[in-house]
Every structure is written in C-alpha cells, then in structure tokens.
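Report on the structure
Each chain, letter by letter, is given below.
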Amino acid sequence: MLIDRSHRPWLIFSVSALAVSGIGYAVYDSLSVGGPSGGSLFGLIYGSVGYAFMVFAGLLGLRKKFPIWRVGRTTTWMRGHLWLGLLSFPLILFHAAFSLGAGALTRTLMVLFIVVVVSGLLGAVFQHFIPRLMTERVQLETIYEQIDAVRLQLLEEAEKIVADLCSALEGDISFIGEEQRTVAASAGTRGGLTVASGLGADDRTSDIVGEFFQTELRPFLLQTRGRCPLADKDQASGMFGQLRVEIPRNLWPKLADLESLCDEKRGLDRQRRMHHLLHGWLLVHIPISYALLALAAIHAIFALRY
Amino acid sequence: MPRIRTAKSVAKRIDLQYFARLHPFRRWKLWLSIGLPVLALGWILAVNAVGHQKVYSPGPVSEAHAVFGDRCGLCHLSTGSFRAPVVDAACQACHQAPAHNQRQTFTPACSSCHVEHRGTIRLAATADNACAQCHADLKSNDGTQRFDGHVSGFDRHHPEFSALRSGHDPGTMNLNHYVHLQPTLRGPAGAVQMKCDDCHRPLNVDEPWPYSVAVVQPASQQPVAVGPTGAQQRKRRSVEAGPGAYMTPIKYVNQCAACHVLQFDPLIAAPAPHSKPEQVHAFIVQKLTEYVAANPAVLNSDPVAALAYNDEGPRNFLRPLGESTEPRNIVRPLQNALPRAQSATEWVQVRTAQAEKLLWSKNCHVCHQATEGGGEGLPTSVQAIIPSRWFPHAEFDHEQHRMMSCISCHSRIPQSRLTADINVPGIELCRDCHKQGGRTVSAAPGGCFECHSYHDWRNEKRMEGTLDLTKLRGIHPAGTENASSLPAASGTAK
C-alpha cells in the first residue's frame, strides 16, 4: 500500500490522538498516587482503547476474507489498520507506564506487541517501495504462485530449443537457409555431412551445446535457490558469447532465445526474492498478531479480576 | 522466429485454477496463524492446570512478600463476584499498621500507597504523591491546622525545619561550643583540642569517652551506659533509622566529668556526685564528717589556709579557660576571716557551707542555667533539658551520613557561643544532596518517606498470627500430615 496524500486525514487523526493521550498521560503521571499503572482508571482506559485499536487492526484479515461485506472499502480498512494499529502502540505503552512488563504474561505480551509493530512497520515500508521496484526490475512479472509452473515451462522450451540446435549442428538440413545451402554445396562433401560441414559445425559443437544445457542451463532453470553462473547476467552473457564462437552465425537466434529464457528466469528469481520481502513479514506479523490478541484478552480478563 | 514475450503470451501460460490449491507460502501463513495462537493459549492452559497463577502477575512481588508470591489468594480476596482485588483486610491480617493521624480526613487504601508487583522494592518507599494527596492541600476533620498545609514534596514547598523556625534551642543547659573547640583548653592531663566526637557519638559507638569521670576517678565512679531517650526510641519506624541514627544523650559523667570536676573541698579527694542538691549536700556532710573523725587535728589548723587548693591534677576546674597552665594556689575569695571551729560538728557545718557556696555559685552555675533558692538553703535546679531529637516528626540517621564531617552540616558550631543557638542545618543544606528523583538526577533520594513515617507506630498493637505453612506456602510440613487427628492439633485448628 502506498503511503500517499490519501493518508493525510489518518495521519492528522493519529498525531492528534497521540498528542492528546500523551498530555493526558503526563497529567495522570504527575497526579497518580502510586505512579501510573495499568490497573488504575486511566491505565485501564489507555489499555482498553489500545486493545480496541488492536482488535480493529486484526479484523482486517476478516474483512479481506469477505470482500463483499458492505462495511467500508478495503483500502479504508487498510489505512485504519496501519494508523490505528500504530497508534495502539503508544497507548499500550501509556497503559503499561512504559514498562516492558515484569510478569511472564505481560512481558510476553509486550515482546509480541513489539514484534508485531516492528514487522508491521517494516511491511509498510516494503509495500511502499517494492511494488514500484518490481515493476521496474521484473519485466515479465507473473503470479507468484505460478512461478514454479512457468519455470518448468521455460525448461521445456529450453529443451526444445537445445534439441533443435543440436539437430542443426548434427546436419539436419531443415535448419539451414538458402545461402548456406549454396555455400555447403560449393564446399563439397566430407564424410557424408555435406551440409553440416558447410555450416562450419560438427559433432563436437553439438556436444558442447548439449553439455552446456545439461550442466548449466537445465540446473539454472530448475533451481529455486543457490547460485548458478547463469543467474548472473554478466556471466551468462560471457557464456553465451563463448557459445557464439563455437556455433555458426545462422544458429545464433536459437542462442538468443536461450539467453532470453535465462533473462526471464532471472526475472522470475528476482520476482520471487522481492515477493519474499514484500510478503514474508506477514509470516511473522499475522500469526503473532493473533497470538497477541488472544493473550491480551486473557490478560484483560485476569487484570480486571485482580 | 525469435522468441517474443509479451504480458499476454505470459498470461496464457497461467493455470487459471492455481488459487484452488494453497501455495506453500499461504499454507505456512495459515498454519502459523492457527498454530501460534493455539500454542499461546496452550501455554496459559498448561500453567493454569498446574496451578501456577504467577503467570498472570504483572510483576514480581516485593522481597518481603516473595515467600508467598505464588499464593495470589492470600492478598487478592474474592469479594464474592468476579473481582478479587487487594483489600485492606488482607494487609491487616499481617500488618497492624496504625493510622497516620487522628485528624486526617480520609484513610487511603493500603495498596494505593504501597504498590506491589514492582519487583524487589521496599514497599515502605511510597511515592511522594501518596503523601501529597493530602499534604498538598491539607485539611483536618476538626478544621484545625497544625502543619504547613501545602507541601508537595521535599523540593516543593517543604517548610524550613521546625527547630529552625522556632528560633531558639529549648535546652536549659549552658554550653559554649566556641569555647569548647578552642585549642587552649585544659583537660585532665594538660592542654587539649576537643573534637566533636569527644562528646557527640552515635548510640551504636561503644568506645570509652575521653573525658568521662573514669579519667579522674577510675576507682570510685564509672561512666554510665546511656541508651536512646524516649524521643529517640520508638517502637518501630517505617523509616529505616539504624542504631547509629541518633547521638548518645549528653551525661555529665560521660562527657563532662573529667574536666568539670565537682571537687568541693581541698581536703576531700572525692568529687561531689553530679546529682540533686539534697544528695550532694548529704555527700559533702558525710565526707567531711568522716574526714574530721579521721583527722581531729584539723580543728586546730588555720581555717583559711586549709581552704587553699593546690592547683594540680584534675582539681583545676577553677582555672579560667585559656589561661596559663602554670601551677598556682587558689584561695577561696573569703571576705571575712573564718573563726576556728570549736567542735567537729561546727567544723563540718562551716566547711559544708563553704563547699556548697563554691559548688552552687560556681561549679553548678557553669552549666546549669539557673538555680533558685529551695528548702533548707539548698538550691533547686532548673530541669536540665538537652534536646536529643531535633526533628520530632521525622527521622534522621547520622550513621547514614558518616562520610560527612560534622562541621560540613553543623557549620555554625565553631562560632556558637550561646545555648540558644540552633545548630542543626537548614533544609537548603539537605537539598544540596537530597533531591526528588534521587538517582535519576544523580542525587541522594529526596522522597517524603526518606524522613517521614506515615503510620504512627507508637500506636501499634500486638497481633496474633493466623497463617500457617499451608496457607502461606501451600505445603504441609513434614510430620504434620496426620496432625489433624491429634486432639491438640484439632483444637488449634479450631
């Protein structure tokens, strides 16, 4: 979600609410007999409001599950999630009198809350910058969940191109053009491979291409992690340049296709990494948020009892 | 044909049913979103199952209560409803803390001042606000006002100490500190330079007094053991005032006797006791009677010459301070020649009169502010008052301030010549070190409780304990499992 001008009302509200509650806390701190505490009237007010904001922030998940509910636009909920969730942190700090909690439950709550807030802030930053970066740097972006399927499609495509290339290098005349046919005919025959010799290729070159496919290209297209030389654009360019030395010029378009495949695969890898950054924090943020809400409810019940 | 990639061609490769199957990323998110809250709730249920209520505690209890820190129900008494707050009755089961003042307009709840679950703090260390809720705008239930009504803290509107406000020392003894600190004083064994702790020592110092009666009369008299005075000794204090908090009260035999010898007659070695005039009179008569019985020839000697003092040793009390230490004879300033005594009784009468004249008019008068004529010609001493506590409503601990020199606080002492001089330091001096905020402002603590006790422990009542180990710790001590079957035990249980 972009943090843009549309957030201004939320920002103003949050800053105002923070200022009011901060001033209230300062007064409460100076007047409270035993020092500020979560169990005092003001402490309970701060805790209740803070928890209400947390619950509201947690309801975003539910809102997303039921997009047809007429309870406000999802973007509004998202902004509320962001700003009220953030505002709940200082409110809870006021509730806890800036203590990290000394009891097992209260300390756990504060640690979880800090993790949730930090991961949320990190997520907001990522969501602000990474989508733009992804648009710039990933040309052929696909659906994240389909990356593996597309990767396998790229592999199939590469296998076909390499097979064609090897066939051409091994003398399959269907791969040559008119000019080459003329050159080949004038060059005479040599061991039954008239056309191939006219192309300037032989079995050795085909082996080189085959080996390149098996040792470099295939592992690169199959891999999801780890480093392959082809994962680096410069190294890949060098390797393809070396192949061009071995392979006749008229087959270079096939090499260009393979190089394009590698480019696309690198783009998918880049998309995967960016996606992990863009959404990986949710693996921390969401589960811990639910745990936090559950434990905070228990904390509230027992705090009211005692 | 070169390979051409467009968004459309790429989109065509997408399996349109991909969302029907959960991608590992979404799967992880789902399972973690279920698993983590379940784990958290499982933790709470598990600790609940083993009765470990401490998990709900907002923080560790104070050191004094740590022994039953797991027994929430000891303090959190159920009110019959859902709530189980800490009520005063729970505190008063162990602490018979007396009320603060008869005239206070309300009594705050114990837990509002003694805030628990804040770790190993002293619960007596209450916040200033606890005191200020009344003292910032003090009211009494009878409308009278005995104290400053607008005190918010040590730094905020605390008045000057009452001893200084009164303007004079209520003591009735003559004491010139300036003179006593001069370097030319004559002590029992020559010139002395007195120090503060020659006379003023905390109660817990157990060392011989350098100018006690033992110096001049080792055999006949001994210094007395002096404990705290009633004002110094209280049943209990909320404020930690150790045994060295207060100075040992001044006693003649301990601090004065070596120099201010009460010799009444040059013929009698023993000095008069430092006692009531009647007892002194009886002592003099007895000693002179014994002397004349043992030395009848004294009746024939020159009565004036017999009254001359050989100014040696301890009998030098008449030497003016600061004068030469050359030996000399001091003759009583008799205006008229003494008649020779005709009998031992007359001799005793004459000499007793002379001795008492000397004692009453000179020796006693040096220290005792005034004497008045009493019955049988004996004076009546004004009651000797030496304040032993200067802060009647606060505690001060000299031991805690032992790193300071006496003069650094009692700075007016070297120049103090009058008993009426107030030599306790003013509040501003205390504020140089003690500030509200204490260590947070790199200062000594300046909270109200540092000096003042809320509870008037003088009114503390003895209480009978009602707890046992089972209630306190939840354990059955070894050998008591079957105690309930014993007649005595069952009787106790009732």
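Residues numbered from 1 in each chain as written. Chains lettered and ligands numbered in written order. Predicted model: local features only at pLDDT ≥ 70, side-chain atom pairs only at ≥ 80, totals over all residues.

Within chain A one finds 11 helices and zero strands. For chain A, the N- to C-terminal ordering of α and β elements is α-α-α-α-α-α-α-α-α-α-α. Every one of the 306 residues in chain A was classed for burial, and the buried ones make up 29%. Sequence-distant contacts, at least 24 apart, represent 73% of the contacts inside chain A between residues at least 6 apart. (Helix = DSSP H or I, 4+ residues; strand = E, 2+ residues; numbered from the N terminus. Buried ≥ 20, exposed ≤ 12 C-beta atoms within 10 Å, placed from the backbone. Contact = placed C-beta atoms within 7 Å.)

A tally of helices and strands in chain B yields 16 helices and eight strands. Looking at chain B residue by residue over its 494 residues, the buried ones come to 16%. Taking contacts inside chain B between residues at least 6 apart in sequence as the whole, the part at least 24 apart equals 65%.

The predicted model of chain A has a mean per-residue pLDDT of 86, with 89% of residues at 70 or higher. Note on residues 187-198 of chain A: pLDDT under 50 across the span, and 17 contacts to partners over four residues away in sequence or across chains. (pLDDT = per-residue confidence, 0-100.)

Turning our eyes to something else, we now look at the nonpolar core. One finds Ala291, Leu292 and Leu295 of chain A to be the most contacted residues of the largest nonpolar core, which totals 30 residues. Those elements that provide at least two residues to this core are helix H2 (41-65), helix H3 (74-95), helix H4 (104-137) and helix H11 (282-305) of chain A together with helix H2 (24-49) of chain B. The element contributing the most residues to this core is H3 of chain A, with eight residues. Setting aside residues up to four positions removed in sequence, Leu292 of chain A forms contacts with Leu109, Leu112, Phe113 and Val116 of chain A. With 24 residues, the next largest nonpolar core counts Leu169, Phe212, Leu217 and Leu261 of chain A among its residues. (Core = buried A, V, L, I, M, F, W, Y, C linked by C-beta atoms within 7 Å.)

A few words on the interface of chain B and chain A. It is common to report an interface's size as the accessible area lost on association of the parts. Listed by partner, the interface residues are 40 residues for chain B and 40 residues for chain A. Mapped by element, the contributors of at least two residues to the side of chain B that touches chain A are H2, helix H5 (110-113) and helix H6 (128-135) of chain B. By residue number, the principal contributor to the side of chain B that touches chain A is H2 of chain B, which donates 10 residues. Class assignment of the residues belonging to the side of chain B that touches chain A gives a composition of 24 nonpolar, nine polar and seven charged. (Nonpolar A, V, L, I, M, F, W, Y, C, P; charged D, E, K, R; others polar.)

Residue and element names in this part refer to chain B. Compared with an ideal rise of 1.5 Å per residue, which puts 24 residues at 34 Å, helix H12 (residues 344-367) spans 33 Å between its outermost C-alpha atoms and is within 8% of the ideal. Leu359 marks the point of greatest bend in H12, at about 35 degrees. Of all the residues in H12, the buried ones are Trp347, Val348, Arg351, Ala355, Glu356, Leu358, Leu359, Trp360, Asn363 and Cys364. (Expected span 1.5 Å × (residues − 1). Bend = angle between axes of the 7 residues up to and from the residue.)

With that settled, consider H4 of chain A. Residue and element names in this part refer to chain A. For H4, spanning 34 residues, the distance from its first C-alpha to its last is 46 Å, which sits close to the expected 50 Å at 1.5 Å a residue. If you look at H4, its biggest bend is around 30 degrees, right at Ile130, and the proline Pro131 turns up within four residues after that. Restricting attention to buried positions, one finds in H4 the residues Leu105, Thr106, Leu109, Phe113, Val116, Gly120 and Gly123.

A few words on the environment of Glu259 of chain A. Residues and elements named next belong to chain A. The topology assignment puts Glu259 in helix H10 (residues 252-280). Along the chain, Glu259 and Ala236 lie 23 residues apart, while their C-alpha atoms are 7.8 Å from each other. In this structure, Glu259 is in contact with Ala236 and Phe240, ignoring residues within four places of it in sequence.

What follows concerns the packing of H2 of chain A against H11 of chain A. Residue and element names in this part refer to chain A. Following both chains from N to C, one finds H2 and H11 inclined at 145 degrees, their axes separated by 10 Å at the closest point. Here the hand of the crossing between H2 and H11 comes out left-handed. Only Ile286, Ser289, Leu293, Ala296 and Ala300 of H11 make contact with H2, whose side of the interface consists of Tyr51, Met54, Val55, Gly58 and Gly61. Residues of the contact of H2 with H11, tallied by class, amount to seven nonpolar, three polar and no charged. (Axes fitted to C-alpha atoms, helices over the stretch in contact; angles between N-to-C directions. Left-handed = near helix turned anticlockwise from the far one by under 90°.)

All names here are of chain A. Contact geometry for helix H1 (residues 8-31) and H3: axes closest at 10 Å, N-to-C directions at 10 degrees. Between H1 and H3, the crossing angle belongs to the class labelled roughly parallel. Residues Trp10, Ser14, Ala17, Leu18, Ser21 and Tyr25 of H1 form the contact with H3, whose own contacting residues are Arg79, Trp83, Leu86, Leu87, Pro90, Leu91 and Phe94. For the contact of H1 with H3, the residue count by class is 10 nonpolar, two polar and one charged. (Parallel < 35°, antiparallel > 145°, perpendicular 65-115°, else oblique.)

Turning our attention to unusual backbone geometry. Of note in this structure, Phe98 of chain A is not a glycine but carries a positive phi near 60 degrees. Relative to the assigned elements, Phe98 of chain A resides in the loop between H3 and H4. Unusually for a residue other than glycine, Ser442 of chain B sits at a positive phi of about 55 degrees. Structurally, the position occupied by Ser442 of chain B is in the loop between strand E7 (434-435) and strand E8 (444-445).

This paragraph deals with the environment of Met78 of chain A. All names here are of chain A. By the secondary structure assignment, Met78 is in helix H3. Taking the C-alpha atoms as reference points, Met78 and Met1, separated by 77 residues in sequence, lie 8.2 Å from one another. Contact partners of Met78, with chain neighbours within four places excluded, come to Met1 and Leu60.

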